[in-house]
Every structure is written in C-alpha cells, then in structure tokens.
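Residues per chain are reported as follows:
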Amino acid sequence: MADHTIKVTIASRPYRLKIRTEEEEEIIRKSVEHIENLINQYSNAYHYKDHQDLLAMISLQLANNSLSL
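This is a predicted model, so every value here is computed, not measured.

## Focus: the packing of helix α1 (residues 22-45) against helix α2 (residues 51-68)
Closest axis-to-axis distance for the α1/α2 pair is 10 Å, and the angle between their directions is 115°. Compared by their axis directions, α1 and α2 come out roughly perpendicular. Crossing of α1 against α2: the hand is right-handed. From α1, H34, I35, L38, I39, Y42 and S43 reach across to α2, where they touch H51, L54, L55, M57, I58, Q61 and L62. Split by residue class, the contact of α1 with α2 holds 9 nonpolar, 4 polar and no charged.

Laid out in structure tokens, this is it:
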C-alpha cells in the first residue's frame, strides 16, 4: 500500500495523518478511540476549563503508564 492520508478527530479537532499500511491505520484509529474514551472519563470525573486540561492529564497518565512498563 502506498502512503495515503487519513483524517482523525481528537477532542473535536480534526487532524490529517499520512500512513503507510492498513495495520498502521487500524492502530491509529484504535488509539484515537482510546483517547476519546479517556476524554469522556476525565470530563465526567473532573472540572476543567477546556479540552487542553483534559489532554494534559491524559498525556500524563499515558506517559506514566508507558514508563511503568
């Protein structure tokens, strides 16, 4: 498969990504779904000003998880 572009939306903001394989697209789409689920969990559990607050906390959680492995 040649490089092609996909569009994903994270926190109501669209992003275009260049991918090389169908497997890469599948992983990216699952990652986006995971992030959106975390956004929903955090938005229901915590007070926040905007999505940047939620994304910062999610980034911290994911970085902590990966470093703990």
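## Observations regarding the nonpolar core
Ranked by internal contacts, the top residues of the largest apolar core, which has 13 residues, are I6, V8, I10, I28, V32, I39 and I58. Elements represented by at least two residues in this core include exactly β1 (4-10), α1 and α2. In terms of residue count, α1 provides more of this core than any other element does, 6 residues in total.

## Things to note about the pattern of salt bridges
By the definition in use, this model includes 3 salt bridges. As a salt-bridge pair, R29 and E25 come within 3.0 Å of each other at their nearest N and O atoms. On the criterion of helical spacing, the pair formed by R29 and E25 is a turn pair, its members being 4 residues apart in helix α1.

## Here's the deal with unusual backbone geometry
A negative phi holds for most residues other than glycine; trans holds for most peptide bonds. Positive phi outside glycine occurs at A11, with the angle close to 55°. Tracing the backbone through its elements, the reader meets A11 in the loop between β1 and β2 (13-19). Note on A11: relative accessible area 13%, which makes it buried. With a phi close to 65°, S12 is a non-glycine residue in the positive phi region. Relative to the elements of secondary structure, S12 occurs in the loop between β1 and β2.

So, how was this worked out
- Residues numbered from 1 in each chain as written.
- Predicted model: local features only at pLDDT ≥ 70, side-chain atom pairs only at ≥ 80, totals over all residues.
- Heavy atoms only, no water.
- Axes fitted to C-alpha atoms, helices over the stretch in contact; angles between N-to-C directions.
- Helix = DSSP H or I, 4+ residues; strand = E, 2+ residues; numbered from the N terminus.
- Parallel < 35°, antiparallel > 145°, perpendicular 65-115°, else oblique.
- Left-handed = near helix turned anticlockwise from the far one by under 90°.
- Contact = heavy atoms within 4.5 Å.
- Nonpolar A, V, L, I, M, F, W, Y, C, P; charged D, E, K, R; others polar.
- Core = buried A, V, L, I, M, F, W, Y, C linked by side-chain atoms within 4.5 Å.
- Buried < 20%, exposed > 50% of the residue type's maximum accessible area, 1.4 Å probe, protein only.
- Salt bridge = Lys/Arg side-chain N within 4 Å of Asp/Glu carboxyl O.

All quantities given are derived from atomic positions and should not be read as evidence of function.
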